[in-house]
Amino acid sequence: MMAVSDLETTVDPRAPLDRSRLVPAAEARPARTAAPLLGAVGYLGRRVVIYLGVAVVATVLNFFLPRLMPGDPVRDYIQATINATGRPPSGFELRSLKILYGDPDENLLLAFGQYLGELARGNFGLSTSSYPTPVTELIVQALPWTMVLGFVVVIGGWVIGTAGGAVIGWRPGSKADSVLTPVIMFFHSIPSYWLALVFIWYFAYRNSYFPAQGAYGRDVEPSLSDPAFLPDAAYHAVLPLFVTLVLGFAGWMFAMRNMMINTGNEDFVVLARAKGLPARDILFRYAARNAMLPNVTGLAQAFGGILMAIVFIETTFAYPGVGLLFNKAIFNRDFPLMQTLFLMATLSTLIFNLLADSVYVLLDPRTREEA
């Protein structure tokens, strides 16, 4: 065996110390943290560029798609007038209709330029179905109902689904897993409007436990100054909240269950078990903490898509939120209102997706290193 003294050394211990090669610890420390930080900034910068491109494409489609839809409100009104009166509208009526609904024969590129100019000034136009009410006024009236409904549904569904999925996924194949998993898959796959109709039939029409439609009673003033308003609004919101919550938590629970099954076989969980740590600590401090990472980032995305997710629920229950307003805009071909709602839904989704990417960078170091 070769002795230690026979090994060839590249550094002579008797040679004078070359201090020019030494790097102080205070100067070396930032170099170790600069790369992950730059990686995170670069990752988020690329995502911002992508989202800006998507926003530009969405703005273009937001203008042209409604105008490429079959049918036209001006021609529909002319045909309805002919059917009702037996005569076509006069020239003055036609000019008024074109001012109100827009000229169907105008140059689309010129109209698109005017649309961008008004959009830059924050002017979204007047609603043609509720003329002369501004579009922003209609949205401001409907948005609080959707925000309350969406916030309760997203947060409640996320908490129930994540906690329940962690528990049943910790012991796959158990009795709870065998019973709850098929139920979760059933609720996750059924259409929202179908479940809403079933609940309306049983709880409203058959047993009269809750009201079938609306957000408050006819004898209640929709104002916080009325002491009967909040209890009555909560009573009317029970069925929409419950239906949306049942559909919402199923997806979170199913995703968390699958992640817990995969995480339970990871080395750090096996090591924690080998050390004899309490099962409760292993479940919540180790396994669930890592398995819930997709659910944490998905929470921000859920807030962005909530406007479109509850369209069917609000329409079925005649709940005066953005979903019902959106359905009315499509039915009445209200282009200004339709465009504004489309754009609001798209931009909110992009903003919350960017927020989800930011959270993911903070929670997962691998993203910063790979970036």
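Predicted, not measured: the structure shown is a model, and the values here were computed from it.

Reading guide: rules and limits
Residues numbered from 1 in each chain as written. Predicted model: local features only at pLDDT ≥ 70, side-chain atom pairs only at ≥ 80, totals over all residues. Heavy atoms only, no water. Helix = DSSP H or I, 4+ residues; strand = E, 2+ residues; numbered from the N terminus. Buried < 20%, exposed > 50% of the residue type's maximum accessible area, 1.4 Å probe, protein only. Contact = heavy atoms within 4.5 Å. Areas by Shrake-Rupley, 256 points an atom, 1.4 Å probe, with all protein chains shown as cover. UniProt positions renumbered as here; feature names shortened; annotations may be inferred. Phe/Tyr/Trp six-rings, centres within 6.5 Å; stacked < 30°, edge-to-face > 60°. Axes fitted to C-alpha atoms, helices over the stretch in contact; angles between N-to-C directions. Parallel < 35°, antiparallel > 145°, perpendicular 65-115°, else oblique. Left-handed = near helix turned anticlockwise from the far one by under 90°. pLDDT = per-residue confidence, 0-100. Expected span 1.5 Å × (residues − 1). Bend = angle between axes of the 7 residues up to and from the residue. Core = buried A, V, L, I, M, F, W, Y, C linked by side-chain atoms within 4.5 Å. Patch = residues over 30% accessible without salt bridge, like charges linked within 9 Å, V, L, I, M, F, W, Y side chains within 5 Å. Salt bridge = Lys/Arg side-chain N within 4 Å of Asp/Glu carboxyl O.

### Some thoughts on the overall build of the protein
Assigned secondary structure in the protein consists of 16 helices and zero strands. Across the 371 residues that make up the protein, the buried fraction comes to 35%. Partitioning the contacts of the protein with sequence separation of at least 6, the portion at a separation of at least 24 is 75%. For the protein, the exposed surface amounts to about 22600 Å²; the carbon and sulfur share of it is 65%.

### Describing the UniProt feature "transmembrane region" (unreviewed entry) in the protein
Following the UniProt record, the feature "transmembrane region" (unreviewed entry) maps to residues 48–65, 142–167, 179–204, 233–255, 299–321 and 341–363 here. Overall, residues 142–167 shows 100% helix and 0% strand. The separation of its end C-alpha atoms is 38 Å. As annotated, residues 233–255 comprises 96% helix and 0% strand, and the C-alpha atoms at either end are separated by 33 Å.

### A word on the packing of aromatic side chains
Taken as a whole and judged by the stated rule, the model has 14 aromatic pairs. Pairing phenylalanine 199 with phenylalanine 242 gives two aromatic rings, centres 5.5 Å apart and planes at 45°, and the pair type is tilted. Highlighted residues: phenylalanine 199 in helix α7 (residues 192–206) and phenylalanine 242 in helix α9 (residues 238–263), separated in sequence by 43 residues. By relative accessible area, phenylalanine 199 is classed as buried at 12%. Aromatic pair phenylalanine 210 and tyrosine 235: ring centres 5.7 Å apart, planes at 40°, arrangement tilted. Highlighted residues: phenylalanine 210 in the loop between α7 and α8 (229–236) and tyrosine 235 in helix α8, separated in sequence by 25 residues. Cluster of aromatic residues (ring-pair linked, three or more members): Phe199, Trp201, Tyr202, Phe203, Tyr209 and Phe242.

### Remarks on the side chain of threonine 340
Note that threonine 340 resides in helix α15 (residues 335–363). Not counting the four nearest positions on each side in its chain, threonine 340 is found in contact with Phe124, Val135 and Ile139.

### Comments concerning the packing of helix α6 (residues 175–189) against α9
Close contact between α6 and α9 brings their axes to 8 Å; oriented N to C, the two are set at 130°. Between α6 and α9, the angle falls in the class oblique. Our pair here, α6 against α9, has a crossing hand that is left-handed. Contacts between α6 and α9 pair Asp177, Thr181, Ile184, Met185, Phe187 and His188 from the former with Val246, Leu247, Ala250, Gly251, Met253, Phe254 and Arg257 from the latter.

### Section: the confidence of the model for the protein
Across the protein, pLDDT averages 75, with 78% of residues at or above 70. Here helix α16 (residues 365–370) stands out as the least confident element of the protein, with mean pLDDT 57; α7 is the most confident, with 85. Below a pLDDT of 50 lies the segment residues 1–11, which in the model reaches one contact outside its immediate sequence neighbourhood of four places, other chains included. In this model, residues 17–32 is a region of pLDDT below 50 whose contacts with residues beyond four sequence positions or in other chains number two contacts.

### Brief notes about helix α5 (residues 135–170)
Taking 1.5 Å per residue as the helical rise, α5 with its 36 residues ought to reach 52 Å, and the 50 Å between its terminal C-alpha atoms agrees with that figure. Its maximal kink placed at alanine 142, α5 deviates by approximately 35°, while the proline proline 144 follows within four residues.

### Focus on the nonpolar core
Of all hydrophobic cores here, the largest spans 29 residues; its most connected members are Trp145, Leu195, Val243, Ile313, Phe317 and Tyr319. Elements with a minimum of two residues in this core: α5, α7, α8, α9 and α12 (293–309). If you look at the next biggest cluster of nonpolar residues, it comprises 13 residues, including Phe326, Phe335, Leu337 and Leu341.

### Let's talk about the environment of leucine 247
By the element assignment, leucine 247 lies in helix α9. When the C-alpha positions of leucine 247 and serine 192 are compared, they lie 7.1 Å apart, and in sequence the two are 55 residues distant. In contact with leucine 247, not counting residues within four places along its chain, are Phe187, Ile190, Ser192 and Leu195.

### Comments concerning the environment of valine 270
Here valine 270 is to be found in helix α10 (residues 267–274). Judged by its relative accessible area of 44%, valine 270 is partly exposed. Remark: the alpha-carbon pair of valine 270 and isoleucine 282, spanning 12 residues in sequence, is separated by 9.5 Å.

### So, a nonpolar patch on the surface
Nonpolar side chains collect at one region of the surface, where Phe186, Tyr193, Trp194, Leu197, Val198 and Phe312 lie side by side and expose about 610 Å² of accessible area between them. Broken down by element, the nonpolar patch gets its largest block of residues, four residues, from α7. Given the relative accessible area of 32%, valine 198 is considered partly exposed.

### A word on the side chain of aspartate 232
Counting through the fold element by element, aspartate 232 comes out in helix α8. Judged by its relative accessible area of 18%, aspartate 232 falls in the buried class. Apart from the residues lying within four places of it in its own chain, the contact partners of aspartate 232 are Ala215, Tyr216, Gly217 and Val220.

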